[in-house]
Amino acid sequence: MEAFKLDKKIGFQVERSKLETELLEPKTKNLSRMYNLLLKWNTQDETVKSAMIKWAQDVGHNIMFADWEQLWTTGMKFTACNALRENIMKMIYRWYITPVKLAKIYHLPDNKCWKCKETEGTFFHLWWTCPKIKAFWEMIYNEFKKVFKYTFPKKPEAFLLGIVGQMVLKKDRTFFMYATTAARILIAKHWKTQELPTLEEWQMKLMDYMELAEMTGRIRDQGEESVEEDWKKFKDYLQKHCKIKEC
Ligand SMILES: [Zn+2]
């Protein structure tokens with residue numbers, strides 16, 4: 001973590017614009033140059049570094065080290081549930097298999113997306129840019145606006161990694177982490193199929209997590225109030241918008 005602090009002061013800030021220029025350049029030959037740039041930052045793990053570069057390329061702009069650091073430290077701690085944390089780890093490291101990866105490994109002729117069957121199935125296409133998945137995230141985004149009662153930018157790093165910055169109010173961030181992770185776990189459940197999760201599936205999953213959070217709160221002795229506060233808006237939302245009988 002010491003290295004991160006140092007990066008923030010010198011390397012990162014100074015070289016940011018240079019890196020940004022390189023990241024915006026879509027040609028992959030720049031990858032090695034960027035990689036060298038990152039090596040100088042003297043961060044620990046090579047795998048993390050290359051994953052971070054790919055994420056920056058995908059979202060189209062650099063993600064600040066401070067934001068990654070926050071995700072590693074506080075962002076991961078919103079839950080004690082391993083399935084949820086595992087999903088975040090898998091997203092950071094981009095561990096999900098894709099048609100493009102499969103085609104490369106097995107020399108398959110078809111590397112098209114499992115959902116739309118039209119475009120190359122890259123990691124980012126499957127998670128964000130595919131028209132089918134786009135529609136799903138749009139639905140989830142609309143539900144967020146109903147829960148929070150305000151709007152915020154729909155950014156891939158927020159929905160896919162939980163890097164929200166100041167876009168979502170601090171008191172809503174724990175719920176945001178649960179709700180986006182729930183959506184991703186459901187997407188992963190329908191991985192390799194044309195199917196997408198439904199709104200009801202997402203709501204049900206979140207109801208499970210709400211119970212889980214209440215238990216976690218009790219185990220960790222957080223006090224009922226903070227857990228109650230995290231889920232208050234969601235409970236109000238369920239009363240108004242949920243069509244499932246159990247609500
Ligand atoms: Zn697609």
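Here the structure is a predicted model, which means the values were calculated and not measured. Per chain, residue numbering runs from 1 following the sequence as it is written. In keeping with the predicted nature of the model, local features appear solely for residues at pLDDT of at least 70, side-chain atom pairs appear and are counted solely at 80 or more, and the whole-chain, interface and lining totals rest on all residues.

1. Description of the overall build of the chain
Here is step 1 of the chain: The number of helices and strands found in the chain is 13 helices and zero strands.
Here is step 2 of the chain: Helix numbers and strand numbers start at the N terminus; a helix is a DSSP run of H or I with at least 4 residues, a strand a run of E with at least 2. Ordered by position from N to C terminus, the α and β elements of the chain give α-α-α-α-α-α-α-α-α-α-α-α-α.
Here is step 3 of the chain: We call a residue exposed when 12 or fewer other C-beta atoms sit within 10 Å of its C-beta, buried when the count reaches 20 or more, and partly exposed for counts in between; the C-beta positions come from the backbone. Put simply, the chain has 247 residues, and 25% of those count as buried.
Here is step 4 of the chain: In this description, any two residues whose backbone-derived C-beta atoms lie within 7 Å of each other are considered to be in contact. Taking contacts inside the chain between residues at least 6 apart in sequence as the whole, the part at least 24 apart equals 52%.

2. Some points on the packing of helix α6 (residues 82–93) against helix α11 (residues 173–189)
Here is step 1 of the chain: Under this scheme, a helix contributes an axis fitted over its contacting stretch, all axes are lines through C-alpha atoms, and angles between N-to-C directions fall in the 0 to 180 degree range. Look at α6 against α11: their axes get within 10 Å of each other, and the N-to-C directions meet at 75°. With respect to α11, the element α6 is oriented roughly perpendicular. Taking contact as the criterion, the partners of A83, L84, N87, I88 and M91 in α6 are, on α11, T181, R184 and I185.
Here is step 2 of the chain: Residues are grouped as follows: nonpolar covers Ala, Val, Leu, Ile, Met, Phe, Trp, Tyr, Cys and Pro; charged covers Asp, Glu, Lys and Arg; every other residue, Gly included, is treated as polar. Its residues assigned to classes, the contact of α6 with α11 comprises five nonpolar, two polar and one charged. Any angle between 65 and 115 degrees counts as roughly perpendicular, while under 35 counts as roughly parallel, over 145 as roughly antiparallel, and the rest as oblique.

3. A look at the nonpolar core
Here is step 1 of the chain: Think of a nonpolar core as buried Ala, Val, Leu, Ile, Met, Phe, Trp, Tyr and Cys residues, each tied to the set through C-beta atoms within 7 Å. One finds L161, F175, Y178, A179, A182, L206 and F234 to be the most contacted residues of the largest nonpolar core, which totals 35 residues.
Here is step 2 of the chain: Mapped onto this core, the elements with two or more residues apiece are α5 (65–73), α6, α8 (123–129), α9 (131–148), α10 (156–161), α11, α12 (199–219) and α13 (224–241).
Here is step 3 of the chain: At eight residues, the largest contribution of residues to this core is made by α11.

4. Here's the deal with the packing of α11 against α12
Here is step 1 of the chain: Packing of α11 against α12 brings their axes to within 9 Å, and their N-to-C directions diverge by 125°. If you check the angle between α11 and α12, you find them oblique. Read as a crossing pair, α11 and α12 show a hand that is right-handed. Side by side, α11 and α12 meet where Y178, A179, A182, A183 and L186 of the first sit next to E201, W202, K205, L206 and Y209 of the second. Two helices cross in a left-handed way if the nearer one is turned anticlockwise from the farther one by less than a right angle. They cross in a right-handed way if the turn is clockwise.

5. Points about unusual backbone geometry
Here is step 1 of the chain: The phi angle at K149 is positive, at roughly 65°, despite the residue not being glycine.
Here is step 2 of the chain: For K149, the position within the fold is in the loop between α9 and α10.
Here is step 3 of the chain: With phi around 65°, K192 is a residue other than glycine that occupies positive phi space.
Here is step 4 of the chain: Position of K192 relative to the elements: it lies in the loop between α11 and α12.

6. Things to note about α6
Here is step 1 of the chain: Multiplying 1.5 Å by the residue count of a helix minus one yields the expected span of that helix. Along its 12 residues, α6 runs 16 Å from first to last C-alpha, staying within 8% of the 16 Å computed at 1.5 Å per residue.
Here is step 2 of the chain: Along α6, the residues classified as buried are L84, N87, I88, M91 and I92. Looking straight down α6, one finds that the buried residues subtend no more than 135° of arc, so they occupy a single side. The exposed set on the far side of α6, more than 90 degrees from its buried face, consists of N82, A83 and M89.
Here is step 3 of the chain: Positive backbone phi, approximately 60°, marks R94, located one or two places after α6. As used here, the arc is the angular range of directions from the helix axis to the C-beta atoms.

7. Looking at α12
Here is step 1 of the chain: Over its 21 residues, α12 extends 30 Å from the first C-alpha to the last, a length consistent with the 30 Å expected when each residue adds 1.5 Å.
Here is step 2 of the chain: Taken as a whole, α12 has its buried residues at W202, Q203, L206, Y209 and A213. Across the axial projection of α12, the buried residues extend over an arc of 115°, all falling on one side. Turned more than 90 degrees away from the buried face of α12, the exposed residues are E200, D208, E211, M215, R218 and I219.

8. Looking at the confidence of the model for the chain
Any residue range with low pLDDT should be treated as having predicted coordinates unsuitable for detailed reading.
Here is step 1 of the chain: Of all residues in the chain, 79% attain a pLDDT of 70 or more, and the chain-wide mean is 84.
Here is step 2 of the chain: This stretch, residues 1–17, has a pLDDT under 50; its non-local contacts, to residues over four places away or in other chains, come to 16 contacts. Scored from 0 to 100, pLDDT records how confident the predictor is in each individual residue.

9. Structural notes on the environment of Q203
Here is step 1 of the chain: Positionally, Q203 belongs in helix α12.
Here is step 2 of the chain: Linking Q203 and I244, residues 41 residues apart in sequence, is a C-alpha distance of 8.6 Å.
Here is step 3 of the chain: Leaving out residues up to four positions away in the same chain, Q203 has contacts with C242 and I244.

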